[in-house]
Amino acid sequence: MKNKVFQENERKFYLSEFSYYDGEYEITFNIVDVDFDRQSITVAITRAGKITQDTFPLLKDNSGNLYFEYGRFYENKIALDDFCEVD
């Protein structure tokens, strides 16, 4: 069973992932680090058999939920609440 892992107070993020289909490939994001002081998230990105690592600024929506933007034109909003613990 997958459990949500976004717990800012406990800072429990390791071994958590989020996957989505971009119309061509299944993309998997794994959280490497979340830095609340610098408001950034570092994720490992697996796409088409290649793994890269990137750091994105953390943003807040109107409800106060944290997310980062991904894509060629940063059109995809990926919320930290979407990440689940890997079994």
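Use the structure listed above.
Residues numbered from 1 in each chain as written. Predicted model: local features only at pLDDT ≥ 70, side-chain atom pairs only at ≥ 80, totals over all residues. Heavy atoms only, no water.

A. Region of the structure containing the overall build of the protein chain. In terms of helices and strands, the protein chain carries zero helices and eight strands. The order of helices and strands in the protein chain, counted from the N terminus, is β-β-β-β-β-β-β-β. Counting every position in the protein chain, which comprises 87 residues, the buried fraction comes to 32%. Considering only intrachain contacts with a sequence separation of at least 6, the fraction spanning at least 24 residues in the protein chain is 33%. (Helix = DSSP H or I, 4+ residues; strand = E, 2+ residues; numbered from the N terminus. Buried < 20%, exposed > 50% of the residue type's maximum accessible area, 1.4 Å probe, protein only. Contact = heavy atoms within 4.5 Å.)

B. Examining the pattern of salt bridges more closely. This structure, assessed with the given rule, holds two salt bridges. The partner of arginine 47 in a salt bridge is aspartate 22, and the shortest N-O contact between them spans 3.3 Å. In this pair, arginine 47 is assigned in strand S3 (residues 40-47) and aspartate 22 in the loop between strand S1 (16-21) and strand S2 (26-35), connecting sequence segments 25 residues apart. For arginine 47, a relative accessible area of 31% translates into the label partly exposed. Across the salt bridge formed by arginine 47 and glutamate 24, the nearest N and O atoms sit 4.0 Å from each other. Of this pair, arginine 47 sits in strand S3 while glutamate 24 sits in the loop between S1 and S2, and the two are 23 residues apart along the sequence. For glutamate 24, a relative accessible area of 52% puts it in the exposed group. Three or more residues are tied together by salt bridges with common partners; here these are Asp22, Glu24 and Arg47. (Salt bridge = Lys/Arg side-chain N within 4 Å of Asp/Glu carboxyl O.)

C. Local environment of the sheet that holds strand S8 (residues 84-85). Pairing is antiparallel in the open sheet, where five strands are placed in the order S4-S3-S2-S1-S8. Either end of the sheet is taken by a strand with one partner, and the two such strands are strand S4 (50-57) and S8. Where S2 meets S3, eight bridges bridge the pair, whose relative direction is antiparallel. Considered in S3, the bridge of threonine 28 is made with threonine 46. (Pairing = 2+ DSSP bridges.)

D. The sheet that holds strand S7 (residues 76-79), seen in detail. Pairing is antiparallel in the open sheet, where three strands are placed in the order S5-S6-S7. If you trace the sheet from one side to the other, it starts and ends with strand S5 (59-60) and S7, each paired once. Sheet topology note: the strand S6 (residues 66-70)/S7 ladder contains four bridges and is antiparallel. When the bridges of S7 are listed, tyrosine 67 appears paired with alanine 79.

E. Quick peek at the pairing of S4. Here S3 pairs with S4 via eight bridges, running antiparallel. Considered in S4, the bridge of threonine 42 is made with threonine 55. Between S3 and S4, which pair antiparallel in sequence order, lie two residues; one of them, alanine 48, sits at a positive phi of approximately 55 degrees.

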